[in-house]
Amino acid sequence: MAKKLWEKSTTVNPEIERFTIGKDRELDLLLARYDILGSIAHSTMLRSIGMLTTEEMENLHNELRSIYEETEHGNFVIEEGVEDVHSQVELMLTRKLGDTGKKIHSGRSRNDQVLVDLKLFTRNGLQEICEGVMTLFGSLIEQSEKHKDVLMPGYTHLQVAMPSSFGLWFGAYAESLADDMLFLKAAYSMCNRNPLGSAAGYGSSFPLNRTMTTELLGFDSMNYNVVYAQMGRGKCERNVAYALASVAGTLAKLAFDACMFNSQNFGFIKLPAQCTTGSSIMPHKKNPDVFELLRAKCNRLQALPTDIILIMNNLPSGYFRDLQIIKELFLPAFSELKECIGMATYIVQRIEANRDILSDQRYDAMFSVEEVNRLALEGMPFRDAYKKVGLDIEAGNFAPDKNIRHTHEGSIGNLCNEKITELMHETFCSMDFEKARSAERALLKR
Ligand code: ARG
């Protein structure tokens, strides 16, 4: 039996075959379960418009659910010579069910099949990322609250600038994640629209019921215009990549801060010895490799939107095989970022803060603004107070008052962590993950 869906009288050259299949046999394994969900929905719809009998549909569903179980047990493979997951599933159905298997592709193309697979994969992946981000957020807020009274130097130009605190430092990254969550939410909404039924990108002359597959798959809505549905390939991935990159950007900056603050020259934080790595030559070393790898991986993840853009750059509308390559970059990004978020959470929970940084006189000058403001509050014009304190410092006459009185929103004395948490929850809770999950469960129910 020919293993290409499209093979007719000629057989394809093996070199061409290897090149065009590329890494699909491996990467499409990540899409397999979603391809099956799409096929269950599609065949249900085909029966509703009279293109399959109830018996044919039930046979297809039984077989598809068995294949789904194989994917769950890690037994699903894409055979040599088979191009992709779509071909593999159809091949398995046809081997088992004969002509019934050959009917399932009515009214669809691998173009809308891979579109729907990617949407379902991404929807699931985004849920996992959002949940991971929430856990990390919780740990950051916890550390912030725990250390809200522990002061540390704040820097501008990497020069000692003004008093800051561990409460502010941890909390800043929590709030950064609350903004990243907005991107994730937008990405989730954009990805939660059904492209199935757009077929090769121009629809079908069969009276497809796209509303039905939209509901069965638990999508919020559909990509209505069939040409636009196909144009979403690459665009959706790029926009999701922006959201992933936003989270990665937060983690990379946190990692850099942590590496720097962990250095002996700063000594602001310490990692438990079990969370550091050693040197093969220098017996004293306890290196923060975790943060360094987090930084590198998360910096690389921030290249993802650009990588995707470069692949789709200047493609006109309509399907092109170029789009296949996006999977190579896009699909692994989810597990990579998920791992980084998990590791960041683990390590953030274990950061030990130095509670005694400010006894070191090198940080005394950072209280200069506090003194200027104290004089200004007593009535001295700000510019005069500024000058007086500046001259005192130059003359070596500055004795800092280290009692900090910051009260406004978001300052050392008033972190507003509960407000930040509220913003985060509002965004997170507006995504209805359960709708997607329960639709998928219903499709798999025997
Ligand atoms: N592997 C292909 C991809 O990822 C599937 C779609 C193939 N469609 C086609 N017209 N050759 O894009």
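What this report covers is the structure whose coordinates are included nearby. Since we're looking at a predicted model, the values are computed, not measured. (Residues numbered from 1 in each chain as written. Predicted model: local features only at pLDDT ≥ 70, side-chain atom pairs only at ≥ 80, totals over all residues. Heavy atoms only, no water.)

1. Focus on the packing of helix α10 (residues 226-262) against helix α13 (residues 322-349)
What counts here: Axis definition: a line fitted to C-alpha atoms, over the contacting stretch in the case of helices. Angles run 0 to 180 degrees between N-to-C directions. Per the convention used, a helix needs a DSSP run of H or I reaching at least four residues, while a strand needs a run of E reaching at least two, with both numbered from the N terminus. An angle counts as roughly parallel when it lies under 35 degrees, as roughly antiparallel when it exceeds 145, as roughly perpendicular when it falls between 65 and 115, and as oblique in every other case. Left-handed describes a crossing whose near helix is turned anticlockwise from the far helix by less than a right angle; the clockwise case is right-handed. Whether two residues touch is decided by their heavy atoms; if any such pair falls within 4.5 Å, the residues are in contact.
Axis separation between α10 and α13 bottoms out at 10 Å; the angle between their running directions is 25°. Accordingly, the angle class assigned to the pair α10 and α13 is roughly parallel. Every pair of crossing elements has a handedness; the one defined by α10 and α13 is left-handed. Only Leu323, Gln324, Ile326, Lys327, Phe330, Ala333, Phe334, Leu337, Cys340, Ile341, Ala344 and Val348 of α13 make contact with α10, whose side of the interface consists of Gln230, Arg233, Gly234, Glu237, Val240, Ala241, Leu244, Val247, Ala248, Leu251 and Leu254.

2. Observations regarding the state of the cysteines
Which entries qualify depends on this criterion: When two cysteine sulfur atoms lie within 2.5 Å, the pair is treated as a disulfide. Each residue's exposure class comes from its accessible area (1.4 Å probe, protein chains only) as a fraction of the maximum for that residue type: buried when under 20%, exposed when over 50%, partly exposed otherwise.
Throughout the structure, instances matching the rule amount to zero disulfides. Counting only cysteine sulfurs, Cys236 is the nearest neighbor of Cys191, a cysteine outside any disulfide, at a range of 4.8 Å. Judged by relative accessible area, Cys236 falls into the buried class, the value being 10%.

3. Notes on the site of the ligand
Put simply, the rule is: We define proximity as follows: a residue is near a molecule or strand when any one of its heavy atoms falls within 4 Å of that partner. What qualifies as a polar contact is a pair of N or O atoms within 3.5 Å, subject to a donor-acceptor requirement within protein and to the restriction that residues adjacent in sequence count only when both atoms come from side chains. Note on areas: these come from Shrake-Rupley sampling with a 1.4 Å probe, and a residue is covered only by the protein chains present in the view. The classification used treats Ala, Val, Leu, Ile, Met, Phe, Trp, Tyr, Cys and Pro as nonpolar, Asp, Glu, Lys and Arg as charged, and all other residues, Gly among them, as polar.
All residues in the neighbourhood of the ligand are listed as Asp24, Asp84, Arg110, Asn111, Val114, Arg233, Tyr319, Gln324 and Lys327. Within the contact set of the ligand, a nitrogen atom lies 2.6 Å away from a side-chain nitrogen or oxygen of Asp24. Between the ligand and Arg233, the relevant distance is 3.0 Å, taken from an oxygen atom to a side-chain nitrogen or oxygen of the residue. Summarising the interface, the protein chains cover 86% of the accessible area of the ligand, which totals 340 Å² for the free molecule. Counting only elements with at least two residues in the shell around the ligand, the list comes to α7 (110-146) and α13. In terms of residue count, α7 provides more of the shell around the ligand than any other element does, three residues in total. By residue class, the composition of the shell around the ligand is two nonpolar, two polar and five charged.

4. Considering the side chain of Thr44
Within the secondary structure, Thr44 sits in helix α3 (residues 32-48). Setting aside residues up to four positions removed in sequence, Thr44 forms contacts with Met57, His61, Met212 and Leu216.

5. Brief notes about empty space enclosed by the protein
Counted only if it meets this: Here a cavity is any set of points on a 1 Å grid over the protein atoms alone where a 1.4 Å probe fits but cannot get out, and a pocket is any open set with protein on both sides within 12 Å along at least 5 of 7 lines; a residue lines the site when it has an atom within 4 Å of a point. Grid points are joined across faces, edges and corners, and a volume is the space filled by probe spheres set on the points.
As enumerated under the stated definition, the model contains one cavity of 30 Å³ or more in all. Of the volumes computed, that of the largest cavity is approximately 60 Å³. Along the walls of the largest cavity sit Leu115, Leu118, Lys119, Thr122, Gly232, Arg233, Cys236, Glu237 and Phe330, which together make up its complete lining. Of the residues that constitute the lining of the largest cavity, the class distribution is four nonpolar, two polar and three charged.

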